[in-house]
Amino acid sequence: MTEAAVTRADAGPADADASDAELDAAGGAGASAGADVGLEGGLEGGSDAEGDAAAVAGAAGEEFVVKLLDRAVSGMGGQSRDGQHEMARQVARAIDSGDHLLVQAGTGTGKSLAYLIPLIAHSLTSNKPTLVSTATLALQTQIVGRDLPRLLKTITPALARPVKVALVKGRSNYVCRHKLEGGFPSEEPSEGQLFSLGEDTSVPHFAAAVGGPSSQMGKEVVRLREWAEGTTTGDRDELMPGVTDRAWRQVSVTSMECLGAQKCPLAAECFSELARQNAADADVVVTNHAMLAVSAFEGLAVLPEYDVVVVDEAHELQDRVTGAVSGQLSVAMVHAAASGARKHTGITVDALNNAASHLELAIDGVPSGLMPNGLNSEQLDCIDQLRDACRAALSDSKGDSSVSADGGRQLARSRLMVILELCERLLAARENREVVWFSRNSSFDPAQGYSQPDESSPALINVAPLSVAGRLREGLFADHTVILTSATLAIGAAFEPAAGGLGLVGNGAPSWTGVDVGSPFDYPKQGILYVARHLPKPGRGTSPEALDELEKLIRASGGGALCLFSSRRAAEEAAEAMRPRLGLSILCQGESTMTALVRQFADEPDTCLFGTMSLWQGVDVPGVSCRLVVIDRIPFPRPDDPLMTARSRAVAQAGGNGFMSVSATHAAIRLAQGAGRLIRSTSDKGVVAVLDSRLSTERYGGFLRAALPPFWPTTDSSIAMAALERLAKESAQAAK
């Protein structure tokens, strides 16, 4: 591993005083940590001079972290890694100084231990919990279910006291006891999924399609009730096997639907409230990016007060935060809300239905896509009318506060509040620099797959922030020490592209340090990057030439290929084309659960797996089962992506290069994620093949390649084929 590359970005003059004060305060905290926490062998801080004490204690705290790391690695049967040590030191320094840290840790570094140990050491002397935030359910489960338990088992004897860990998710991830007891009406609105803005949407559950036979859902609900009687957490992810989203909605509530701890008769037994209470008393709290977004954007107390947070999978933070605070409004949504208000509160809803009808006329036939100037005057008038109708309905439906909690009334009012908030956002979209666009829902048929949205179907109005940088700067970075980490956080040696989207670049940005601790893998010797320069520039669909090249590559490797495509349709069509040509087992996304597909791919060395770039970012299959990774094209955003288009235009209007700042940066990170699937251990070998000639021929190709691991590059197909043939022979010999 090469020496860690360090980048520093200091705060501007306007922030100098605040930064100095924060550094002084953090230094004092570091001194306390260094003096109070002891490890076998003894680490003691002490100096007559106050400044020297902070420096000595900070160094002592750092050494303490390294000793804990060595103890953990030894106890868990691992190997000492230079990059892991460097990362642990950098995280400890960031916590001690209060300076934000961006740390790129390549695959195989062991970054979870490298940040968990400094967090644990800090939490022992802090009066606030420390946070870990992840983008995906898989990593969240890994940290809580595997990494932390194993780590604490090895290091707890060396700690001053045991460490308490808690997991916090959105309210809708927990069973609602009051709803189980009949405290809410049982209903399933046709547009129910549109009332999920208060839910934790960062952890989707891909269960059977909603709308199955009621008897099947009834069986699931019965099983849910039985499970709820014995569970100690009420956490959906502990239910095995899982249930459909439709069934889960019968036993859960969103944050807006919740009656609140003050009104709910079962608040003392509420799983969600208990999780939050546990988090408040914990040393380390594990959560997700959507919860961070709600905390930063809405100012809601969904997380305990914390002083330090590690954001893992940080390359996903901007998109996850944007998704969590985006909204969607439809006419059907208004009619459903009106129906619920009439049914559960008894109010007159004529004004709501009239407003919905007027809105329907105003957006009828509007094509899908970005509205560069926002809604037109007629549409804004309809939204204004709808806002007034929602306000009146909320006023009329308050009810008698002296009466016991009414779940039906709260459910109805929560839907009205969602619509009211969306109306407020749409009316102030231009002033608040929010992006507005129209869309239609696509449909899914298990036999036919996904179909394109029908432009004749009702339009949906979408709203999302043009940038989340300012709000993250205020709500996340201003009052906390933030460590951002990922295997793909820098492009070349530059952290600025990632930092800019998160609010760490520009006037008033806080200071931060960027560090690349490298990887234990020898990429030039372990992998080849083959770019098919001779292929035509990609167009719509996969070209016959690209399919022929794909066949040659898989035939040379004898299978063991993970093939990543720009769309679900492209993956399905390629799989259909390759099966009769190759005679190999080819799995395709959608044919089973992701877990089952990855397990079969890992267990069968000559099986191939086809899927989309986005869904397969988390695939971790070391060994000969993944000796070839094929990427069909550079993963630029869709040209018609409204939000990306708006962001590119904003950069261009400010004098920058919108394509490079938005589209190329987006593609570089995702390309690196895809290519990173190949080498997962020090013994892995293979080829990453990109069937997009632009990576070699276009000027931006060098920018994109700089984000990839340093594989040995070639555009000579004979070299790639020969390497794959050798790997195929090695795989066959290993199987004997």
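Residues numbered from 1 in each chain as written. Predicted model: local features only at pLDDT ≥ 70, side-chain atom pairs only at ≥ 80, totals over all residues. Heavy atoms only, no water.

Engineer: Sorry if this is basic, but what is going on with the sheet that holds strand β16 (residues 561-565) here?
Structural biologist: Pairing between sheet strands relies on hydrogen bonds along the backbone, with the strands arranged either parallel or antiparallel. Across the sheet, which stays open at both edges, the seven strands sit in the order β17-β18-β16-β19-β20-β15-β21 with parallel pairing between neighbours. Both edges of this open sheet fall to β17 (586-588) and β21 (712-714), since each of them pairs with a single strand only. The mean angle between the axes of side-by-side strands here comes to 15°, regardless of whether they run parallel or antiparallel. Pairing between β16 and strand β18 (residues 608-612): four bridges, direction parallel. Note that in β18 the partner of F565 across the bridge is T612. Relative to the sheet, helix α20 (residues 568-582) contacts β16, β17 and β18, its axis offset from that of β17 by approximately 165°. Against the sheet, helix α23 (residues 658-675) touches β16, β19 (628-631) and β20 (686-690), its axis set at about 155° to β19. (Pairing = 2+ DSSP bridges. Helix = DSSP H or I, 4+ residues; strand = E, 2+ residues; numbered from the N terminus. Axes fitted to C-alpha atoms, helices over the stretch in contact; angles between N-to-C directions. Contact = heavy atoms within 4.5 Å.)

Engineer: Mind showing me how you'd approach the pairing of β16 here?
Structural biologist: Regular strands show a simple pattern: their side chains alternate between the two faces of the sheet. A large share of β16 lies buried, amounting to five of its five residues. Sheet analysis places β16 next to β19, joined by four bridges and oriented parallel. Looking across to β19, one finds that L564 is bridged to I631. (Buried < 20%, exposed > 50% of the residue type's maximum accessible area, 1.4 Å probe, protein only.)

Engineer: Can you walk me through helix α22 (residues 642-653) in this structure?
Structural biologist: Note on helix geometry: an α-helix contains 3.6 residues per turn, so any two residues three or four positions apart are oriented the same way. Its 12 residues place the ends of α22 16 Å apart at the C-alpha level, agreeing with the 16 Å of an ideal helix rising 1.5 Å per residue. Buried residues of α22: P642, L643, M644, A646, R647 and S648, and no others. On its buried face, α22 sits against α11 (317-324), β8 (369-370), β9 (434-439), β12 (460-465) and α23. (Expected span 1.5 Å × (residues − 1).)

Engineer: How should the pattern of salt bridges be read in this particular structure?
Structural biologist: Side chains carrying opposite charge are able to pair once their charged atoms draw close together. In this structure the tally under the stated criterion is 28 salt bridges. The salt bridge involving R638 is made with D640; its shortest N-O contact spans 2.9 Å. Judged by relative accessible area, D640 falls into the exposed class, the value being 53%. Where E730 meets K685, a salt bridge forms, and the shortest distance between an N and an O atom there is 3.2 Å. Highlighted residues: E730 in helix α26 (residues 717-735) and K685 in the loop between α23 and β20, separated in sequence by 45 residues. With a relative accessible area of 38%, K685 lands in the partly exposed category. (Salt bridge = Lys/Arg side-chain N within 4 Å of Asp/Glu carboxyl O.)

Engineer: Can you help me understand helix α4 (residues 111-123) in this one?
Structural biologist: Here α4 spans 18 Å end to end across 13 residues, near enough to the 18 Å set by a 1.5 Å rise per residue. Of all 13 residues that make up α4, 12 are buried, and the element is covered over most of its length.

Engineer: Any chance you could explain the sheet that holds strand β7 (residues 327-329) here in plain terms?
Structural biologist: Sheet architecture is open: four strands sit in the order β7-β12-β9-β8, paired in antiparallel fashion. For this open sheet the edge positions go to β7 and β8, each flanked by a neighbour on one side alone.

Engineer: How do you make sense of the side chain of H666 when you look at a structure like this?
Structural biologist: For H666, the position within the fold is in helix α23. For H666, the side chain forms a polar contact with the main-chain oxygen of P635, separated by 3.4 Å. Once residues within four sequence positions are removed from consideration, H666 is found in contact with D319, P635, F636, P637 and M644. (Polar contact = N/O pair within 3.5 Å; in protein donor to acceptor, adjacent residues only side chain to side chain.)

Engineer: It is not clear to me how the environment of S566 should be interpreted in this structure. Could you clarify?
Structural biologist: Here S566 shows up in the loop between β16 and α20. Since its relative accessible area comes to 44%, S566 is described here as partly exposed. For S566 and D632, which are 66 residues apart along the polypeptide, the C-alpha to C-alpha distance reads 6.9 Å. Ignoring sequence-local partners within four residues, the contact set of S566 consists of D632 and R633.

Engineer: I tried to follow the packing of aromatic side chains on my own but got confused; where do I start?
Structural biologist: Geometrically, a pair of aromatic rings is defined through the distance of the ring centres and the angle of the planes. The tally for this structure, following the rule as stated, stands at seven aromatic pairs. What links up through ring pairs into an aromatic cluster is the set F521, Y523 and F711. (Phe/Tyr/Trp six-rings, centres within 6.5 Å; stacked < 30°, edge-to-face > 60°.)

Engineer: Honestly, the pairing of β18 in this entry has me stumped. Any pointers?
Structural biologist: The element β18 is largely enclosed, with a buried count of five among its five residues. Where β17 meets β18, three bridges bridge the pair, whose relative direction is parallel. Within β18, the residue paired with C588 across the bridge is F610.

Engineer: What should I look at first to understand the side chain of R670 in this one?
Structural biologist: Tracing the backbone through its elements, the reader meets R670 in helix α23. The buried category is assigned to R670, whose relative accessible area is 12%. A polar contact is formed between the side chain of R670 and the side chain of D319, at a distance of 2.4 Å.

Engineer: Can you walk me through the nonpolar core in this structure?
Structural biologist: Nonpolar side chains in soluble globular proteins tend to end up buried together. The biggest cluster of nonpolar side chains holds 41 residues, and the ones touching the most others in it are Y115, I120 and I483. Contributing elements (two or more residues each) for this core: α2 (50-75), α3 (82-97), β2 (100-104), α4, α5 (137-155), β5 (284-288) and β6 (308-311). For this core, the element with the most residues is α4, which contributes eight residues. For I120, the residues in contact, after removing those within four places along its chain, are L148, L151, L152, I155, L159, V163 and V284. (Core = buried A, V, L, I, M, F, W, Y, C linked by side-chain atoms within 4.5 Å.)

Engineer: Can you help me understand the confidence of the model for the protein in this one?
Structural biologist: Keep in mind that low pLDDT regions are not for reading the predicted coordinates in detail. Looking at the protein as a whole, the pLDDT averages 84, with 85% of positions reaching at least 70. Of the regions scoring below 50 in pLDDT, residues 13-57 engages in 42 contacts with residues more than four places distant in sequence or in other chains. Below pLDDT 50 for its whole length, residues 188-213 participates in 52 contacts with residues either more than four positions away or in separate chains. (pLDDT = per-residue confidence, 0-100.)

Engineer: Which parts of the structure should I look at to understand the environment of H100?
Structural biologist: Mapped onto the elements of the fold, H100 is located in strand β2. Under the relative-accessibility criterion, H100 is labelled buried at 5%. Sequence spacing of H100 and I483 is 383 residues, and the spatial spacing of their C-alpha atoms is 5.8 Å. In contact with H100, not counting residues within four places along its chain, are F477, H480, T481, V482, L504, P510, S511, W512 and T513. At 3.1 Å, the side chain of H100 and the backbone oxygen of F477 are in polar contact. In this structure the side chain of H100 is engaged in a polar contact, spanning 3.1 Å, whose partner is the backbone nitrogen of V482.

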